[in-house]
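Structural characterization, general
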Amino acid sequence: MDQHFLSNYLDASEHEIPLDLPTVFGRESETYLEVGFGSGEFLVQKAIDNSAKDFLGVELSVISTEKLLKSLKRELVENVRVLLTDASFCLNNVIPKDSLSGVYMNFPCPWPKKRHSNRRLNDLNFVLKIGRVLKKGGFFQLYSDSKEFISEMSSSVDLTGLFDSDTVEINPTAGVGTRYERKWLAMQREIFRLICRRNSKAVNCEEDVVNLSHLWVKNIDKSRLDRVAGRSFSSDEMFVKFMGVYRKLDNEVFLIETLSVDRGYSQRFYISLSKREEVWLIQLDSQAKPFRTRAVKFAVRTLSRILGDESRA
């Protein structure tokens with residue numbers, strides 16, 4: 001990503017999570033989130049029109065993220081922070097509970113085909129995570145051209161019991177001003193808006209991030225390293241695969257390329273194995289910045305069991 005446009009970029013892996021939003025923005029203010037900002041038109045205009053408020057945007061597309069960052073730089077917008085990560089993971093782990101005044105979703109892809117159902121952002125678990133980050137009285141607003149998507153989201157909202165005043169409008173007078181909206185209007189397609197407000201009912205979502213320390217291991221059998229690459233392990237919605245093993249030429253340090261998956265959220269990183277006098281140290285490589293999730297911890301502990309006897313954590 002072009003370094004020139006990174007002033008609004010927020011790498012959450014460089015911070016303790018959940019984030020401290022006043023520290024992130026340098027002030028106390030109402031904060032809003034857009035999930036899947038696309039080209040970023042809506043978020044830029046919202047931030048310009050509401051300079052006393054702060055905005056977060058989360059997106060998985062690198063192209064969309066770069067486009068938004070360039071727009072923010074060009075318009076001299078300072079009250080937006082941009083996250084390049086999975087929205088579900090972000091809502092459940094990165095953003096603090098009860099911290100947001102509103103969450104926006106504008107024309108998300110409905111993924112209508114059955115084989116893509118796991119990509120839809122309108123199921124019960126996703127709505128629970130939205131409820132997790134909203135303050136009491138905070139709103140959730142969704143725009144879509146898909147009546148079915150809106151209907152399914154409305155059903156999920158009702159099932160959570162976390163929201164009041166669940167209403168659906170057809171062709172609302174207040175639009176969002178995005179190119180998708182203009183496209184649908186030009187095609188004379190109906191647009192739907194779902195809006196609801198958070199009540200005071202408590203929500204409990206199991207977080208994926210855990211405390212993770214290094215491990216000291218003695219009696220490493222280095223011959224086992226040759227058999228690590230390609231092996232995979234799973235447990236309790238966690239999956240780990242060791243992709244490859246590499247050795248630094250100048251000393252006894254090995255890097256194990258690792259893939260971890262927590263309930264659909266995947267990360268790739270390196271685990272370092274280095275000799276320290278009579279014992280070996282297993283830890284995350286300093287150049288990698290994965291979120292310390294349950295699956296990452298599972299990967300470190302699994303590697304220690306494969307290679308030798310874990311002595312202490």
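Placed above this text is the structure.
Please read these numbers as outputs of a predicted model, since none were measured by experiment. (Residues numbered from 1 in each chain as written. Predicted model: local features only at pLDDT ≥ 70, side-chain atom pairs only at ≥ 80, totals over all residues. Heavy atoms only, no water.)

**Looking at the overall build of the protein**
Check the secondary structure of the protein and you find eight helices and 14 strands. Based on the C-alpha atoms only, the size of the protein along its principal axes is roughly 70 × 40 × 35 Å. By the burial criterion, 48% of the 313 residues in the protein qualify as buried. Surface exposure of the protein reaches about 16100 Å², of which carbon and sulfur atoms provide 45%. A distance of 3 Å separates the average location of the 46 positive side-chain charges in the protein from that of its 43 negative side-chain charges. (Helix = DSSP H or I, 4+ residues; strand = E, 2+ residues; numbered from the N terminus. Buried < 20%, exposed > 50% of the residue type's maximum accessible area, 1.4 Å probe, protein only. Areas by Shrake-Rupley, 256 points an atom, 1.4 Å probe, with all protein chains shown as cover. Lys, Arg positive; Asp, Glu negative; His and termini not counted. Charge placed at Lys NZ, Arg CZ, Asp CG, Glu CD.)

**A look at the packing of aromatic side chains**
Applying the stated criterion across every chain yields a total of 12 aromatic pairs. Summarising the aromatic geometry, the rings of Phe-233 and Phe-242 are spaced 6.0 Å apart at their centres and angled 65 degrees between planes, so their arrangement reads as edge-to-face. As far as burial versus exposure is concerned, Phe-233 and Phe-242 are alike and both buried. Ring pairs connect the aromatic residues Tyr-32, Phe-42, Phe-55, Tyr-104 and Phe-139, which therefore count as one cluster. (Phe/Tyr/Trp six-rings, centres within 6.5 Å; stacked < 30°, edge-to-face > 60°.)

**Remarks on unusual backbone geometry**
A cis amide bond, omega 5 degrees, links Ile-17 with the succeeding residue Pro-18. Here Pro-18 shows up in the segment before helix H1 (21-25). Within the chain, Asn-171 stands out as a residue other than glycine whose phi angle is a positive 50 degrees. When you line up the elements, Asn-171 lands in the loop between strand S6 (163-170) and helix H7 (179-186). Given the relative accessible area of 42%, Asn-171 is considered partly exposed.

**Examining helix H5 (residues 124-133)**
Most of H5 sits out of view: seven of its 10 residues are buried. For H5, the complete set of buried residues consists of Phe-126, Val-127, Lys-129, Ile-130, Gly-131, Arg-132 and Val-133.

**A closer look at the pattern of salt bridges**
Should their charged atoms come close, side chains of opposite charge can pair. Evaluated as defined, the whole model comprises four salt bridges. Measuring nitrogen to oxygen at the nearest pair gives 2.6 Å for the salt bridge that ties Lys-289 to Glu-14. One end of the pair, Lys-289, is in the loop between strand S13 (279-284) and helix H8 (294-307); the other, Glu-14, is in the segment before H1, and 275 residues separate them in sequence. Among the residues examined, Glu-14 registers a relative accessible area of 52% and is labelled exposed. Between Glu-169 and Arg-193 there is a salt bridge, with the nearest N and O atoms lying 2.4 Å from each other. Taken together, the residues span a long stretch of sequence, with Glu-169 in strand S6 and Arg-193 in strand S7 (residues 192-198) at a distance of 24 residues. (Salt bridge = Lys/Arg side-chain N within 4 Å of Asp/Glu carboxyl O.)

**Some points on the layout of surface pockets**
Each pocket or cavity is described by its volume, and for the second largest pocket that value is around 340 Å³. Lining the second largest pocket are 19 residues, with Leu-84, Tyr-265, Gln-267, Lys-289 and Phe-291 positioned closest to its centre. For the lining of the second largest pocket, the elements supplying multiple residues, two or more each, are strand S3 (80-84) and strand S12 (265-276). A per-element tally of the lining of the second largest pocket places S12 first, with five residues. Broken down by class, the residue content of the lining of the second largest pocket amounts to 11 nonpolar, four polar and four charged. (1 Å grid on protein atoms, 1.4 Å probe; cavity = no way out; pocket = protein on both sides within 12 Å on 5 of 7 lines; lining within 4 Å. Points joined across faces, edges and corners; volume = space filled by probe spheres on them. Nonpolar A, V, L, I, M, F, W, Y, C, P; charged D, E, K, R; others polar.)

**Some remarks on the packing of H5 against helix H6 (residues 147-160)**
Interaxial distance between H5 and H6 falls to 9 Å at its minimum, and their mutual angle equals 60 degrees. Classed by the angle they form, the pair H5 and H6 counts as oblique. The handedness of the crossing between H5 and H6 is right-handed. Side by side, H5 and H6 meet where Leu-124, Val-127 and Leu-128 of the first sit next to Met-153, Ser-156, Val-157, Leu-159 and Thr-160 of the second. Of the residues assigned to the contact of H5 with H6, the class counts are six nonpolar, two polar and no charged. (Axes fitted to C-alpha atoms, helices over the stretch in contact; angles between N-to-C directions. Parallel < 35°, antiparallel > 145°, perpendicular 65-115°, else oblique. Left-handed = near helix turned anticlockwise from the far one by under 90°. Contact = heavy atoms within 4.5 Å.)

**Topic: the packing of helix H4 (residues 87-94) against H5**
The axes of two packed helices give the description: the angle between them and the distance between them. Direction vectors running N to C along H4 and H5 enclose 40 degrees, while the axes themselves pass 9 Å from each other. Between H4 and H5, the crossing angle belongs to the class labelled oblique. Handedness of the crossing formed by H4 with H5: left-handed. Between H4, through Ala-87, Ser-88, Leu-91, Asn-92 and Asn-93, and H5, the contact on the second element is made entirely by Phe-126, Lys-129, Ile-130, Arg-132 and Val-133. Of the residues belonging to the contact of H4 with H5, the class tally is five nonpolar, three polar and two charged.

**A short note on the sheet that holds S6**
Taken together, the seven strands give an open sheet; going across it, the order is S3-S2-S1-S4-S5-S7-S6, and neighbouring strands pair in mixed fashion. Among the strands making up the open sheet, the edge pair consists of S3 and S6. Averaged over neighbouring strand pairs, the angle between their axes works out to 15 degrees when direction is ignored. For strand S2 (residues 54-59) and S3, the ladder comprises five bridges, and the chain directions are parallel. By the bridge assignment for S3, Val-58 is matched with Leu-83. Relative to strand S5 (residues 134-144), H5 is tilted by about 135 degrees, and along the sheet it contacts strand S1 (31-35), strand S4 (100-106), S5, S6 and S7. (Pairing = 2+ DSSP bridges.)

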